[in-house]
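The primary structure of each chain is shown beneath.
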Amino acid sequence: MSVELGFRCSCCGQRHAGLPFSYGSLAPSYWQESFEGSPGSVLGDEHCVIGGEHFFVRARLLLPVVDAEEEFEWSVWVSLSEPSFDRMTTWWTEPGRVDEPSYFGWLSTELPLYEPTTLNLKTMVHSQAIGTRPTVELEPTGHPLAVEQRAGITLARVQDIAERLLHPGGPASS
Ligand SMILES: [Zn+2]
């Protein structure tokens, strides 16, 4: 499969090693480095709180890839209400968390390449078994990202994403 072999880039003409199927994001888009160490603000690997009043959890936004066996993953952050956040963190280490009802949340990662912005899309967050990040299900709107989650994407689109992230300025840049 082309995932391991890499791909011939239509942008720069070179062969790039490996085709990424996931992209991370280390903090919610609202996080600023100046928050570090300030009261009520903390950024962890899985959780984030800003000013004691905005609560985020890290999650996986999966897109089916119709011509591959693997799903494509945008690693994202989702804003939860304080009661939902409290409940999720209370259940964090409980095996029964997988049976928790879904939590409503606002997408809090501005993903590249999408118009209009992905910020504040409505989502449902589904808890998974311990050790696995929760998954995000977008409200079934006409937003391009929501359409991709419903309909799936192709390997060609996965490559298109890789090329556009490698060469943000287009064919002229390297
Ligand atoms: Zn390239």
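Calculation notes
Residues numbered from 1 in each chain as written. Predicted model: local features only at pLDDT ≥ 70, side-chain atom pairs only at ≥ 80, totals over all residues. Helix = DSSP H or I, 4+ residues; strand = E, 2+ residues; numbered from the N terminus. Buried ≥ 20, exposed ≤ 12 C-beta atoms within 10 Å, placed from the backbone. Contact = placed C-beta atoms within 7 Å. Pairing = 2+ DSSP bridges. Core = buried A, V, L, I, M, F, W, Y, C linked by C-beta atoms within 7 Å. Expected span 1.5 Å × (residues − 1). Arc of directions from axis to C-beta.

**Digging into the overall build of the protein chain**
Counting secondary structure elements, the protein chain contains four helices and ten strands. Each helix (α) and strand (β) of the protein chain, taken in turn from the N terminus, gives the series α-β-β-β-β-β-β-β-α-β-β-β-α-α. Each principal axis of the C-alpha distribution contributes one length, and for the protein chain these read about 50 × 35 × 30 Å. Put simply, the protein chain has 174 residues, and 22% of those count as buried. Partitioning the intrachain contacts of the protein chain with sequence separation of at least 6 by distance along the chain shows that 50% fall at a separation of at least 24.

**Considerations on unusual backbone geometry**
Backbone torsion omega between Glu115 and Pro116 reads -5 degrees, so that peptide bond is classified as cis. One can find Pro116 in the loop between strand 8 (103-107) and strand 9 (122-126). A positive phi angle is found at Leu113, which is not glycine, with a value near 80 degrees. Assignment of secondary structure puts Leu113 in the loop between strand 8 and strand 9. Exposure remark for Leu113: the 12 C-beta atoms within 10 Å place this residue in the exposed category. Within the chain, Asn120 stands out as a residue other than glycine whose phi angle is a positive 70 degrees. Residue placement: Asn120 occurs in the loop between strand 8 and strand 9.

**Details of the pairing of strand 8**
Pairing analysis gives three bridges linking strand 7 (residues 72-80) to strand 8, with the strands arranged antiparallel. Residue pairing for strand 8: Leu80 is matched across the bridge by Gly105. Judged from the four bridges that link them, strand 8 and strand 9 form a sheet pairing that is antiparallel. Within strand 9, the residue paired with Phe104 across the bridge is Met124.

**Quick notes on the environment of Arg164**
By the secondary structure assignment, Arg164 is in helix 4 (residues 155-166). For Arg164 and Pro101, which are 63 residues apart along the polypeptide, the C-alpha to C-alpha distance reads 37 Å.

**Some details on the nonpolar core**
With 20 residues, the main nonpolar core has Val57, Ala59, Val76, Val78 and Leu80 as its most contacted residues. Where this core is concerned, the elements lending two or more residues are strand 5 (47-50), strand 6 (54-63), strand 7, helix 2 (82-91) and strand 8. By size, the runner-up hydrophobic cluster in this structure holds six residues, among which are Leu63, Phe72, Val158 and Ile161.

**Re helix 4**
For helix 4, spanning twelve residues, the distance from its first C-alpha to its last is 16 Å, which sits close to the expected 16 Å at 1.5 Å a residue. All of the buried residues in helix 4 are Val158, Ile161 and Ala162. Buried residues along helix 4 cover an arc of 95 degrees about the axis, so they all sit on one side. Packed against the buried residues of helix 4 are strand 7.

**A few points about the environment of Phe72**
Relative to the helices and strands, Phe72 is located in strand 7. By the C-beta count within 10 Å, which is 22 here, Phe72 ends up buried. Sequence spacing of Phe72 and Tyr23 is 49 residues, and the spatial spacing of their C-alpha atoms is 8.8 Å. Excluding residues within four positions of it along the chain, Phe72 makes contact with Phe21, Leu62, Leu63, Val65, Ile153 and Val158.

**Things to note about the environment of Thr123**
Position of Thr123 among the secondary structure elements: in strand 9. Placed twelve residues apart in sequence, Thr123 and Leu111 show a C-alpha to C-alpha distance of 15 Å. Apart from residues no more than four positions distant in its own chain, Thr123 is found in contact with Val78, Gly105, Leu107, Val136, Glu137, Leu138 and Glu139.

Nothing here speaks to function; it is geometry throughout.
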